[in-house]
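Chain residues, written in single-letter form:
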Amino acid sequence: MTIEEFGRRLRAREITAAQVTDQCLRRIETDNPRLNAFILVMADEARRQALASDQALAAGRDRGPLHGVPISIKDLLDMRGLPTTAASRVRDGHRANRDATAITHLRQAGAVFIGKTNLHEFAFGTTSEDSAFGPARNPHDTARSPGGSSGGSAASVAAGMALASIGTDTGGSIRIPAAACGTVGLKPSFGEVSIDGVVPLSRTLDHVGPLTQTVSDACLVYHALLGDERVTPPAPMPLHGLRLAVPRRYFCDLLEDEVRARFESALDRLRAGGAHFDDIEIHHAADIAPVYLHIVLGDAAAYHATALETMPERYTPPVRLRLEMGRYILAEDYVRALKGRELLKREVDAALAQHDALVLPTLPISAPPLGANSVEVGATTEPVRNLMLRLTQLFNVTGHPAISIPSGRTSAGMPCAVQLVGCRMQTDALLRVALTCEPHVSSEV
């Protein structure tokens, strides 16, 4: 059930928020033991909130499109009275004394909080397997990663444990798991959705956004996160004449064969509907990874400096290693990366100047097996982490809004996805493009 369908049926008195919340909780009880998507299930509180939502609606108090909607929350966002674990033993004993701003806005919108989801420790990974609570697993194949770092969030939506989830994205951590699990994942433009009350990885790269089943649902949750009272998604743009740019060099160089086939099929369907395509180039694409790494490693090491000194043994070894690497970033390298960031911003801006959006794959590969350190792509063997970040991290560096939309499945039944990127501070314009593209992109091949 999508949020839109839930809203129609709720207001037609065909269902209640309490009934749908119970359905989600039963699904969690059945499936969470194998998926490990949740760190904390808030069953009693969710039932209380759902009942209050039904009573309010019966009394004529309707808070809008998220009224009574069961939503899961990545355990990186503070919720008053509850621990924020960040999937790490480093935060044992923590309890939040107030809500993150995003949570405050969701409460005001009438959302029902179903639980807090598993993630890659401190959001510093792409597979959600380095967690103090054990790895989250992909609902389509439990031997595979659900992506990361918001892996539990994506799994919860894909498995019907929640109608939507809230994740964070520092290098792709909403879009990567959305692609791996077959959901929609939106990273808004940098600075639009507050990161107050969110455990940081890099304050200069962090974003908060929704994972949902549809683009329309993502619109609704996005505006709730902003604190808006808007109740309808923006109108789709006409497909005929839509101007899309494809950055083929670098972004399409390393793709699994089936991922490439699904991507090209999606472009063909859009082209058949009247969309216009241009191949463009991000000239300094080869610099994306070093620019990103020097910023994120330096920022993360600064935040974790005290804990690395006083309780290093509480981190999972892979995350601790990355944080330790960050302690050796030179100031001149960090400043050079900030300059590179400005250059990349200008190049993406230029690519979008004559186009409605960029279009590229979200992930170069389907969800990798848990425990895999590398993956073969054609004749090359590449580190899993590098591959999973390859097509998403640029837009954290530049701050452009980006959305991942399912685009069919591989022969093994694993989801593939297309990523659309829009102009900075114009997330609604990107959502209009996504609403137009979704029915064509998401068609099964």
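For the structure, check the block above.
Residues numbered from 1 in each chain as written. Predicted model: local features only at pLDDT ≥ 70, side-chain atom pairs only at ≥ 80, totals over all residues. Heavy atoms only, no water.

Colleague: Now, about the nonpolar core: what can you tell me, with residues and values included?
Modeller: Among the nonpolar cores identified, the biggest contains 136 residues, and L106, L244 and L358 are the most heavily contacted of them. Considering every element that reaches this core, the biggest residue donor is helix 9 (residues 288-310), with nine residues. Ranked by size, the runner-up nonpolar core spans five residues in total, among them A154, I174, A178 and L211. (Core = buried A, V, L, I, M, F, W, Y, C linked by side-chain atoms within 4.5 Å. Buried < 20%, exposed > 50% of the residue type's maximum accessible area, 1.4 Å probe, protein only. Helix = DSSP H or I, 4+ residues; strand = E, 2+ residues; numbered from the N terminus.)

Colleague: Residue-level account of the pattern of salt bridges, with values.
Modeller: A complete count under the given rule lists 26 salt bridges for this structure. Across the pair D62 and R11 runs a salt bridge, and its minimum N-O distance is 2.7 Å. Residue D62 is located in the loop between helix 3 (43-58) and strand 2 (70-74), and its partner R11 is located in helix 1 (residues 3-11); the two are separated by 51 residues in the primary sequence. With its nearest N and O atoms 2.9 Å apart, the salt bridge here joins R175 to D169. Residue R175 is classed as buried on the basis of its relative accessible area, which comes to 0%. Residue D169 is classed as buried on the basis of its relative accessible area of 0%. Put simply, E309, R320, E324 and R327 are held in one network by salt bridges that share partners. (Salt bridge = Lys/Arg side-chain N within 4 Å of Asp/Glu carboxyl O.)

Colleague: Describe the packing of aromatic side chains, naming the residues involved and giving the relevant values.
Modeller: Per the counting criterion, the structure on display carries two aromatic pairs. Consider the rings of F122 and Y315, whose centres lie 5.9 Å apart with planes at 45 degrees: the pair is tilted. A residue pair is termed long-range when its members are at least 10 positions apart, and F122 in the loop between strand 3 (112-117) and helix 5 (151-158) and Y315 in the loop between helix 9 and helix 10 (317-326) qualify at 193 residues. With a relative accessible area of 3%, F122 lands in the buried category. Relative to F251, the ring of Y250 lies with its centre 5.1 Å away and its plane at 80 degrees, an arrangement referred to as edge-to-face. Here the two residues Y250 and F251 agree in accessibility, since each one is buried. One cation-aromatic arrangement involves R390 over Y250; the distance from NZ or CZ to the ring centre is 3.9 Å. (Phe/Tyr/Trp six-rings, centres within 6.5 Å; stacked < 30°, edge-to-face > 60°. Lys NZ or Arg CZ within 6 Å of the ring centre and 35° of its normal.)

Colleague: Before we move on, can you summarise helix 3 with the specific residues and values?
Modeller: Its 16 residues place the ends of helix 3 23 Å apart at the C-alpha level, agreeing with the 22 Å of an ideal helix rising 1.5 Å per residue. A43, A46, Q49, A50, S53, D54, A56 and L57 are the residues of helix 3 that are buried. One side of helix 3 carries all its buried residues, which in axial view fall inside an arc of 165 degrees. Seen from the open side of helix 3, the exposed residues pointing more than 90 degrees away from its buried face are D44 and A58. On its buried side, helix 3 packs onto helix 1, helix 2 (17-35), strand 1 (38-41), helix 4 (101-108) and strand 3. Just downstream of helix 3, G60 is the residue with a positive phi angle, here 90 degrees. (Expected span 1.5 Å × (residues − 1). Arc of directions from axis to C-beta. Contact = heavy atoms within 4.5 Å.)

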